Every structure is written in structure tokens, then in C-alpha cells.
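The primary structure of each chain is shown beneath.
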Amino acid sequence: AGFGAGLGLALASSAFIGGSFVLKKKGLLRLCGRARAGQGGHAYLREWLWWAGLLCMGVGEAANFAAYAFAPATLVTPLGALSVLVSAVLSSIFLNEQLNVHGKIGCILSILGSTVMVIHAPQEEEVSSLESMAEKLKDPGFIVFAVCVLVSSLLLIFVAGPRYGQSNVLVYVLVCSAIGSLSVSCVKGLGIALKELFSGKPVLKEPLGWVLLVCLVICISIQINYLNKALDIFNTSVVTPIYYVLFTTAVMTCSAILFKEWQHMVLDNIIGSISGFLTIVSGIFLLHAFRDMPFTPSLLPLFLQPGRADPHLPWSSADRHQSCQHQPLLPSEDKGSQSAEEEEEE
């Protein structure tokens, strides 16, 4: 029951967050003749569609927060990619934004990968109280992992950042991903604390809950700061898929070390989870990397082009419909001699 509740909350979170982008965009497009947000205006605050989008975003984030209290982080985090899919599909329907063939294939791959991950999702060890969460946090394996994350993040911020941050997209994205893995662990602990609070236990007197809350605020602040830096320097279509892959990989690693989610899994489920994750990664890559690329028949292989479809069509006439990228690169002398031979044959 808890696993099903976590799965439902994760799916609902993706639906609300994906729909929120469309609602806010729809509200911004209605600002005809008024100062737009990109020009420093705040007229969008009077649009009810924008506020509806903001409300959907809040509901989606709350559902995502609650999902970590019921389902493994290895399942909840990858399913966040479905919000990109929902946003792309709804934008093509309500905003008339083009969803090309690559985007449609990416959507299908994301759905297939998510389904495979749900089927093979790991069942984590039972962590039902803050006491058991405290025991998990004292594990030597997790302590070593947390120290490595903090040291590597400090090196990336103070050493690699000033030198390579403006030219290498991995510097700031790695900071966000590494710190993000710790923030998800804090969210998991706070979700358990809220479950105990609603059951009537004196959670507010426990210092661990407040420590997790402070750590969560610090981690999220660092994530937002360096993610904004990466988006400001590099293209969104480059940052988004790389951040998703690195962030999800870091969360899955941290969750496996902290909660021992993979310890009792059989080989089939391990392969299935990794395959599902890689399938989602492929779908997200297709959605973002080829988002603005038009797909025309000339990009198809020769035997699939309209001119080649008719077997009775002469090869000479079919060659006239080939795109320039399939034409042989001949020297000018060869082209002249070739055209002369064609005139003599005619």
C-alpha cells in the first residue's frame, strides 16, 4: 500500500508540474499590450492562469515531497522526467508548439523506461522512524559518501569553477547533482518525520528533524544558485538532459548506500532498473537535443524517400529528387564533363 501511494504521488507530481508550465505560459501569452515578464513587467500577477500554474507547481512539489516518504528514492527521482513529457505534449496541444518526430519518439521512450523502472523498482529496507533514520545516517558507508560529496563540491566550486565554469557545462551541473543527492536524503527523513507527527508522536522535540530541515534549506539554496549559473551560461537544451542524468545517478547511488535498496534485489530487477533508467535518459535526450530540428523527407534514407518509393520510377528521374546532402562531391571538371555526356546522350 505504501509503495502504491508513493508511486501515485510521484505520477501526480509529474502531471501537476508538467501542466503548471503550460498554464503559466498561457497566462504570459495573454499579456497583449502590457509589460511582459521578459521586459521587467509584473502584469502577469493579474492573470488567473498564471496563478493557477503557480498553484499546480506547488501541489506538484508537495506531492513529490510526500512521495519520498512512501516509495524508494530510486523510483521517485527518475519518474520526475515524466513532467518534461507532460509539458511537451500539453504544449503541442494548447500552445501550438511543434513536437517533431524526435520528440514523439522521446515521449514514447520515456513512458517505456518509466514502466520498466516501476516493474523492477527496488524495495528499500523499512525506515519507519527517525530513530532508524539516525542509525542509517551513522553508517560508515554513507559517511564516506557524504564526505566525498562535500569535498568534491568544494573543489568544483572554489578550484574548477573559476577556471572552467564558463567553458565546461559539467562543472556547475556536477555541483547541483552531488548536493542534490544529499537534499533528497534530507527530504526522505523529513517525510518520515511528518508521518510520525501526524500519528501523534512528539517529533518536534527530536533534534534530527530540525537538523535535516536546515541541511535541506542549505542544499536547495546551493542547487538553485549553481543551476541558475549553468542555465545562464549554456543552452537549456544542453543543461537539462545532462543535469537529469547526473542528478538521478547521484540520487540512486546515495539511496543505494543509505537505504541498501539494491542489497536484496535479484539480477533481473537490477538489469531492469538500469535499463529503464537508460531508456528514460534516451527519451529525454531526444526531447531536448533535437527539439528545434525540423524533420523533412530529405533526411530519410534513400530507399524511404518519396522518389524511391515507386519501383517503376527510372533512377535518372528519382535522382533529381535527392537532397543536396546525398549528392557526390565532384570536382568542377568532372561535373562539366558529366553534363556534356548527358547532353550528347539526349
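Data block above holds the structure.
Residues numbered from 1 in each chain as written. Predicted model: local features only at pLDDT ≥ 70, side-chain atom pairs only at ≥ 80, totals over all residues. Heavy atoms only, no water.

## Some details on the environment of Leu-85
Looking at the element boundaries, Leu-85 is found in helix α4 (residues 82–94). Put simply, Leu-85 and Gly-18 are 67 residues apart on the chain and 7.4 Å apart in space, counted from C-alpha to C-alpha. For Leu-85, the contacting residues outside a window of four places in its chain are Cys-107, Ser-110, Ile-111 and Leu-287. (Helix = DSSP H or I, 4+ residues; strand = E, 2+ residues; numbered from the N terminus. Contact = heavy atoms within 4.5 Å.)

## With respect to the state of the cysteines
Enumeration over the complete set of coordinates arrives at zero disulfides. Residue Cys-219 stays outside any disulfide, its sulfur separated by 5.1 Å from that of Cys-186, the closest cysteine. (Disulfide = S-S within 2.5 Å.)

## Here's the deal with the packing of aromatic side chains
Enumeration according to the criterion identifies three aromatic pairs in this entry. Judged by centre distance (5.5 Å) and plane angle (20°), the ring pair of Tyr-243 and Phe-247 falls under stacked. Here the residue Tyr-243 and the residue Phe-247 both occupy positions in helix α10 (residues 236–259), the gap between them amounting to four residues, near one helical turn. Given the relative accessible area of 17%, Tyr-243 is considered buried. The exposure class assigned to Phe-247 is buried, which follows from its relative accessible area of 15%. Between Tyr-244 and Phe-277, the aromatic rings sit 6.4 Å apart at their centres with planes inclined by 40°, giving tilted as the arrangement. Taken together, the residues span a long stretch of sequence, with Tyr-244 in helix α10 and Phe-277 in helix α11 (residues 267–289) at a distance of 33 residues. The class of Phe-277 is buried, set by a relative accessible area of 8%. We note Lys-188 situated over the ring of Phe-259; from NZ or CZ to the ring centre the distance is 5.8 Å. (Phe/Tyr/Trp six-rings, centres within 6.5 Å; stacked < 30°, edge-to-face > 60°. Buried < 20%, exposed > 50% of the residue type's maximum accessible area, 1.4 Å probe, protein only. Lys NZ or Arg CZ within 6 Å of the ring centre and 35° of its normal.)

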